[in-house]
Amino acid sequence: MILMKDVHKTYANGVVALSGINVDIKQGEFVYIVGPSGAGKSTFIRLMFREVKPSNGTIRINDINVNDLKERKVPYLRRNIGVVYQDFKLLPKLSVYENVAFALEVIEESPAVIRKRVMEVLDLVGLKNKARFLPDELSGGEQQRVSIARAIVNHPKIVIADEPTGNLDPETSREIMKIFEEINDRGTTILMATHSKEIVNTFRKRVIAIEDGLIVRDEHRGDYGYES
Ligand code: ADP
Ligand code: ADP
């Protein structure tokens, strides 16, 4: 489902971010991406939804060849991928409901379908009773739950999370992890870049470690492997 062969990325300014990535991730896996700052984790993640283009190598996502994908086809790729960020990236003037509904309005789903799907995902993340709230009326953990609801409302096959618990306390982080596990149990592939030793060592999953643009470790039920 996610296949990379000998992927390199050199940015326009000459920085080599990735220098030969090979990876094969199956449908339904839960994978942590760990490694020091500047190692290439964000670049690796951003290649998957074509926010970054590879300089060399092959990338296939759900049998879509991402390398040759025409610009106008990129939205089709992104419809299969939900993205969750450390800083939530919610639209501040829209309610919780509207933030989640937005992705479905863009693809012109019917109002009845939108209402049903939005309430289903808000229920899944435990925020049905806060549908009318604005983002800044919520705690950080609640805001992250809204952004998870937004990421999954399309039923994507893959959810990519870049440091999703980076701004959250340990207890809230564990609650967020339980939501990701539930989404994973329903068959969604999850890729999560994280610096949280506690999360990785508590909720054991596949661990891919990237250092200096290369995968240096890839372990089933691995541990975090760094001091902090
Ligand atoms: P392109 O799609 O044209 O290759 P880039 O992704 O290389 O564009 O980004 C454009 C410019 O933004 C880079 O040349 C660089 O100067 C700057 N830039 C953005 N993020 C970073 C970063 N994290 N470190 C260094 N430079 C950056
Ligand atoms: P990580 O997520 O592990 O911190 P990144 O993928 O963000 O690593 O960065 C890998 C390397 O690429 C770093 O040296 C970073 O400064 C550089 N980099 C990231 N984005 C850009 C960019 N748009 N333009 C130029 N250099 C970049």
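Right above here is the structure, for reference.
What comes next concerns the included structure.

Rules used throughout
Residues numbered from 1 in each chain as written. Chains lettered and ligands numbered in written order. Predicted model: local features only at pLDDT ≥ 70, side-chain atom pairs only at ≥ 80, totals over all residues. Heavy atoms only, no water. Near = heavy atom within 4 Å. Polar contact = N/O pair within 3.5 Å; in protein donor to acceptor, adjacent residues only side chain to side chain. Areas by Shrake-Rupley, 256 points an atom, 1.4 Å probe, with all protein chains shown as cover. Helix = DSSP H or I, 4+ residues; strand = E, 2+ residues; numbered from the N terminus. Nonpolar A, V, L, I, M, F, W, Y, C, P; charged D, E, K, R; others polar. Core = buried A, V, L, I, M, F, W, Y, C linked by side-chain atoms within 4.5 Å. Buried < 20%, exposed > 50% of the residue type's maximum accessible area, 1.4 Å probe, protein only. Salt bridge = Lys/Arg side-chain N within 4 Å of Asp/Glu carboxyl O.

Some points on the site of ligand 2
Inference 1: Lining the immediate surroundings of ligand 2 are Y11, N13, V15, A17, P36, S37, G38, A39, G40, K41, S42 and T43.
Inference 2: At 2.9 Å from an oxygen atom of ligand 2 is found a main-chain nitrogen or oxygen belonging to K41.
Inference 3: Note that an oxygen atom of ligand 2 is positioned 2.8 Å from one of the backbone N or O atoms of S42.
Inference 4: Within the complex, 64% of the 560 Å² of free accessible area of ligand 2 lies under protein.
Inference 5: Broken down by element, the residue count for the shell around ligand 2 peaks at 3 residues, all from helix 1 (residues 41-48).
Inference 6: Partitioning the shell around ligand 2 into residue classes produces 5 nonpolar, 6 polar and 1 charged.

Here's the deal with the nonpolar core
Inference 1: The biggest cluster of nonpolar side chains holds 43 residues, and the ones touching the most others in it are Y32, V100, V118, L122, I148 and F180.
Inference 2: Here the element with the most residues in this core is helix 4 (residues 111-124); it accounts for 6 residues.
Inference 3: In this structure, I25, I33, L191 and A193 belong to the second largest nonpolar core, which totals 31 residues.

A closer look at the pattern of salt bridges
Inference 1: As enumerated under the stated definition, the model contains 17 salt bridges in all.
Inference 2: In this structure, R174 engages E171 in a salt bridge whose closest nitrogen and oxygen atoms are separated by 3.1 Å. One end of the pair is R174 and the other is E171, both in helix 6 (residues 170-185) and 3 residues apart, which spans about a single turn.
Inference 3: Among the ionic pairs, K197 bridges to E227, the shortest N-O distance being 3.6 Å. On the criterion of sequence distance, the pair formed by K197 in helix 7 (residues 197-202) and E227 in the segment after strand 10 (214-219) is long-range, its members being 30 residues apart.
Inference 4: On the basis of relative accessibility, which here comes to 31%, the residue K197 falls in the partly exposed class.

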